[in-house]
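Residue-level listing of the chains:
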Amino acid sequence: MNHRLQSTGFLAAVALLSAFMVAFAAAPALSQNNALRFDGVNDYVTFGANTSYLGLKYFTVEVWFYREGPGVSTTTGTLGVDDAIPLLTKGRGETEGDPYDMNYFLGIRASDNVLCGDYEEAAGQIQESLNHPIVGVTHILNNVWYHAALTYDGTALRLYLNGSLEATVTGLAGRLPCWDSIQHAALGSALWTTGAPGGFFQGTLDEARIWKRARTQQAIADSMNLQLTAAPGLNARWGLNEGTGLTATNSISGSPNGTLTNGPVWVSGYPFPSGTTSLDLGSSSAYVTFRNPSQLGLAHFTVETWFRRDGAGTAITTGTGGLLAIPLVTHGAAEADGDNRDIDYFLGIRSSDNVLCADFEEGVGGTQRGLNHPITGATVIQNGTWYHAAATYDGTTWRLYLNGVLENQLYVGQPTNATPSQYAGLGTSLKSDSTANGFFDGALDEVRIWNYARNVSQVDSAINAQITGTKTGLVARWGMNEGTGSIVRSTAGVTLPGSIKGTGYSWTGAAPFNIVPTPTPPAAPSGLVATAVSANEIDLVWVDNSNNELRFEIGRSTNGVGGPFTPIDTVDAGVTSVANTGLNISTNYCYRVRAANMAGSSSWSGVSCATTPAQSLYALDLGSSSAYVTFRNPSQLGLAHFTVETWFRRDGAGTAITTGTGGLLAIPLVTHGAAEADGDNRDIDYFLGIRSSDNVLCADFEEGIGGTQRGLNHPVAGTTVIQNGTWYHAAATYDGTTWRLYLNGVLETELFVGQPTNATPSQYAGLGTSLKSDSTANGFFDGALDEVRIWNYARNEAQVDSTINTQIAGTKSGLVARWGLNE
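### Quick notes on the overall build of the protein
Across its full length, the protein holds four helices and 63 strands. By the compact-globule yardstick of 28 Å for 823 residues, the protein fits well, its C-alpha radius of gyration being 31 Å. In the protein, buried positions account for 56% of the 823 residues. Considering only intrachain contacts with a sequence separation of at least 6, the fraction spanning at least 24 residues in the protein is 68%. The distance from the centre of the 44 positive side-chain charges to the centre of the 71 negative ones in the protein is 3 Å.

Spelled out as structure tokens, the structure:
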């Protein structure tokens with residue numbers, strides 16, 4: 001069964017000016033803030049056909065843009081976007097076939113001025129050269145700055161405007177883009193393999209970036225207001241700050257510069273937020289205290305900060321068996337052993353050899369309450385240099401990271417003192433009486449405390465971001481951007497302001513936020529087990545042996561353990577199971593899985609195989625007379641929101657029945673109720689059928705309690721004529737607002753209603769007929785039914801498509817009933 005992939009997951013559009021003015025993380029101040037203005041006639045920047053940096057299987061493509069006029073559109077290819085204005089691209093519609101296919105295209109659809117994107121499948125994928133367009137929902141205005149981003153993670157394509165999700169296209173496993181495309185990459189136009197341009201943007205572009213991974217929505221929002229010169233996974237970045245000349249310089253070493261063509265003009269760029277600072281504690285006795293808020297007492301945690309050491313500072317001991325160290329971020333000090341005056345966490349620099357270090361003292365439930373558990377790094381900290389430090393503890397293992405790279409880990413397996421009476425601080429270590437011990441000589445920036453141990457991928461993903469807003473697990477974040485005064489404020493997580501004490505402190509320039517960690521590939525997963533759970537589904541589980549993967553990649557073979565294996569899916573870090581659905585009966589499938597991150601991929605796990613059972617493939621033929629199925633009136637089938645779906649084959653006319661005044665004359669397929677009375681519980685909850693007058697799909701319901709006219713019918717009809725002897729899949733959904741009708745997974749029609757159904761009918765539910773409250777059957781379907789399902793929510797098109805060819809087995813979220821009719 002062919003079905004079309006559609007954009008799903010649209011978020012409601014927010015007011016443009018509000019979206020534009022949302023305060024995201026501020027950028028470090030740069031000496032210049034320029035951009036390029038394109039005339040919309042023939043201006044563009046070309047980066048050539050580079051595949052080593054710009055040819056990507058997984059990607060994030062993003063740019064700031066300021067549109068000033070219509071420009072000139074081009075096509076992204078057959079079944080793509082026919083009228084796209086290019087922003088940042090690698091290719092457009094040309095000759096079909098790898099390597100002449102497009103890798104990625106981010107632009108604006110000219111017909112309705114919404115954001116759009118596209119890519120074409122590579123050789124060896126499910127359908128080489130097939131386009132996968134995606135379009136947004138927000139109308140782009142002229143003379144307004146916007147941020148656009150397009151991502152592909154191996155299974156889904158997503159489009160973002162100003163950090164908000166505009167659209168999603170799912171079901172793209174096994175459909176990798178043409179990463180070896182020899183079409184040229186460009187700004188402001190889209191180029192063929194010859195370098196010939198097509199389409200031209202009219203307006204200004206700034207801060208163009210290409211990543212070799214799909215970034216999360218949060219990561220995009222956190223960094224879109226930063227000018228990033230480098231970051232983990234950032235393969236290309238053109239800041240466009242030159243202000244003169246014919247070259248757009250790439251800040252990523254080895255990645256191609258751009259050549260200005262036909263006269264783009266240097267102008268002022270997007271107004272990145274400025275004025276960011278850090279707190280320089282000086283060389284005497286300044287520090288920050290937060291007193292002892294309960295939120296900072298943690299059993300599991302991640303403590304992180306940017307820091308620049310300028311002098312020796314004053315070291316302090318963390319306790320017997322601990323460290324002699326310069327404090328950076330702390331909760332507690334060496335004061336007493338065995339009660340709540342023990343350290344919860346201490347992140348600092350060991351004074352003897354100037355390496356990163358951390359410590360805590362054992363809490364209640366430990367084998368020796370008050371015992372210190374120090375850990376130290378390996379890299380010598382140099383004065384005058386900015387670093388990022390992070391210490392994590394998950395209740396079992398200490399881990400210490402410098403610049404996003406694991407410096408050391410230590411198994412402890414003991415609890416921290418998560419309820420200390422001591423104070424939390426920056427640049428010192430504070431006792432329960434607020435006495436300060438030890439002092440850091442240098443600057444601190446972007447201090448964060450989380451209530452869980454973040455893995456290396458999570459640390460790296462936000463290492464160059466200045467976080468704003470609520471984040472899961474983020475207890476507090478102090479951005480040090482006040483620039484004046486003696487208070488540091490928590491601008492994310494809970495409100496926990498700190499007071500600056502002592503003398504000699506000052507506000508100074510911010511950290512550079514430019515670290516590129518050098519991660520190692522993750523360890524290979526193990527223990528892969530494939531289990532056939534139905535004729536159409538095999539479930540996979542495996543063991544995760546790494547803590548630094550970004551994703552798992554799954555391959556499948558239908559030719560035994562020797563392969564070849566085809567990529568079928570990717571899942572996020574930490575996920576160790578997946579269901580592979582839509583399979584054929586009585587077929588042997590073999591699987592393998594590997595972990596991947598920015599450094600590369602692990603080796604493959606061992607292969608595990610399973611064979612789908614030979615499930616009976618029957619359907620129920622109701623014949624041409626008066627056969628039907630009744631379920632009586634179970635409460636579970638009375639639904640306010642629903643999806644009703646079935647496979648059906650019509651063999652004859654059948655007997656039509658009316659659904660009520662103002663309703664339909666139709667052949668019933670799947671129903672709950674019949675035309676019986678108006679205005680009480682003898683009204684129809686839902687009716688899915690075939691309209692007898694023109695043989696198109698149809699559906700109806702009668703208004704329930706709370707509607708403007710109880711008992712009023714709300715019919716909806718499709719457009720495709722149903723042919724006898726042909727199998728079709730039908731689905732009707734209602735979300736309390738809009739009817740939607742799908743035939744073979746494609747939306748036939750939709751109708752705004754905005755009224756409630758009769759979700760508590762006294763009538764019977766049935767197949768092939770429409771039943772009254774006394775069980776009288778009305779109307780009969782002549783044909784066969786199969787795989788009937790009723791869900792308690794309105795499934796979207798992608799969800800309908802995802803299971804259209806699957807015989808569902810087992811419990812599924814929201815699935816009220818499923819009759820496979822395989823008896």
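### With respect to the environment of Ala 208
By the element assignment, Ala 208 lies in strand β15 (residues 202-211). Using a relative accessible area of 0% as the deciding quantity, one classes Ala 208 as buried. Sequence spacing of Ala 208 and Leu 87 is 121 residues, and the spatial spacing of their C-alpha atoms is 9.4 Å. Sequence-distant contacts of Ala 208, that is, excluding residues within four places in its chain, are made with Glu 62, Val 63, Leu 88, Leu 187, Ala 236, Arg 237 and Trp 238.

### A short note on the side chain of Thr 397
Residue position: Thr 397 is located in strand β29 (residues 397-402). The class for Thr 397 is buried, based on a relative accessible area of 12%.

### Here's the deal with the state of the cysteines
In the structure shown here, the tally under the stated rule is one disulfide. In this model, Cys 590 is linked to Cys 609 through a disulfide, with the two sulfur atoms separated by 2.0 Å. The sign of the 105° torsion about the S-S bond sets the Cys 590-Cys 609 disulfide as right-handed. Of this pair, Cys 590 sits in strand β45 (residues 588-597) while Cys 609 sits in strand β47 (residues 608-611), and the two are 19 residues apart along the sequence. Residue classification places Cys 590 among the buried positions, given a relative accessible area of 1%. Free of any disulfide, Cys 116 has its nearest cysteine sulfur in Cys 178, 19 Å distant. Judged by its relative accessible area of 0%, Cys 116 is buried.

### A closer look at the packing of aromatic side chains
A complete count under the given rule lists 33 aromatic pairs for this structure. A ring pair is formed by Phe 301 and Tyr 345, whose centres lie 5.0 Å apart and whose planes are at 50°; its orientation type is tilted. On the criterion of sequence distance, the pair formed by Phe 301 in strand β22 (residues 301-309) and Tyr 345 in strand β25 (residues 345-350) is long-range, its members being 44 residues apart. We note that Phe 301, like Tyr 345, is buried.

### A closer look at unusual backbone geometry
A negative phi holds for most residues other than glycine; trans holds for most peptide bonds. Geometrically, the link from Asp 98 to Pro 99 is a cis peptide bond, its omega value of 5° lying close to zero. Within the fold, Pro 99 resides in the loop between β5 (84-90) and β6 (104-109). At the junction of Gly 563 and Pro 564, the peptide bond is cis and its omega measures out at 10° in the coordinates. Considering the arrangement of structural elements, one finds Pro 564 in the loop between β42 (551-557) and β43 (566-572). A positive phi angle, near 45°, is found at Glu 787, a position not held by glycine. Examined against the element boundaries, Glu 787 turns out to sit in strand β62 (residues 783-791). Look at Glu 787 and you get buried, because its relative accessible area is 3%.

### So, the sheet that holds β6
If you walk across this open sheet you meet the eight strands as β8-β7-β6-β5-β12-β3-β18-β17, and the pairing is antiparallel. The two strands at the open ends of the sheet, each matched to only one other strand, are β8 (134-135) and β17 (247-248).

### Some words on the nonpolar core
Among the nonpolar cores identified, the biggest contains 45 residues, and Phe 65, Leu 87, Leu 106, Leu 157, Leu 187 and Trp 238 are the most heavily contacted of them. Aside from chain neighbours lying at most four places away, what touches Leu 87 is Val 63, Phe 65, Leu 106, Gly 107, Ile 108, Leu 115, Ala 186, Leu 187, Gly 188, Phe 201 and Leu 205. If you look at the next biggest cluster of nonpolar residues, it comprises 43 residues, including Leu 279, Leu 356, Ile 375 and Ile 449.

### Examining the pattern of salt bridges
In this structure the tally under the stated criterion is 28 salt bridges. For Glu 121, the salt bridge is made with Arg 175, and the minimal N-O distance between the two is 2.5 Å. In this pair, Glu 121 is assigned in the loop between β7 (114-118) and β8 and Arg 175 in the loop between β11 (164-169) and β12 (185-187), connecting sequence segments 54 residues apart. Where Glu 750 meets Arg 740, a salt bridge forms, and the shortest distance between an N and an O atom there is 2.9 Å. Here Arg 740 lies in strand β57 (residues 738-743) and Glu 750 lies in strand β58 (residues 746-752), a separation of ten residues in the sequence. According to the relative accessible area criterion, Glu 750 is partly exposed, its value standing at 45%. A relative accessible area of 24% means that Arg 740 is categorised as partly exposed. Each of Glu 62, Glu 207, Arg 209, Arg 215 and Arg 237 takes part in a single network of salt bridges with overlapping partners.

The rules we used
- Residues numbered from 1 in each chain as written.
- Predicted model: local features only at pLDDT ≥ 70, side-chain atom pairs only at ≥ 80, totals over all residues.
- Heavy atoms only, no water.
- Helix = DSSP H or I, 4+ residues; strand = E, 2+ residues; numbered from the N terminus.
- Rg over C-alpha atoms; globule rule 2.2 N^0.38 Å.
- Buried < 20%, exposed > 50% of the residue type's maximum accessible area, 1.4 Å probe, protein only.
- Contact = heavy atoms within 4.5 Å.
- Lys, Arg positive; Asp, Glu negative; His and termini not counted.
- Charge placed at Lys NZ, Arg CZ, Asp CG, Glu CD.
- Disulfide = S-S within 2.5 Å.
- Phe/Tyr/Trp six-rings, centres within 6.5 Å; stacked < 30°, edge-to-face > 60°.
- Pairing = 2+ DSSP bridges.
- Core = buried A, V, L, I, M, F, W, Y, C linked by side-chain atoms within 4.5 Å.
- Salt bridge = Lys/Arg side-chain N within 4 Å of Asp/Glu carboxyl O.

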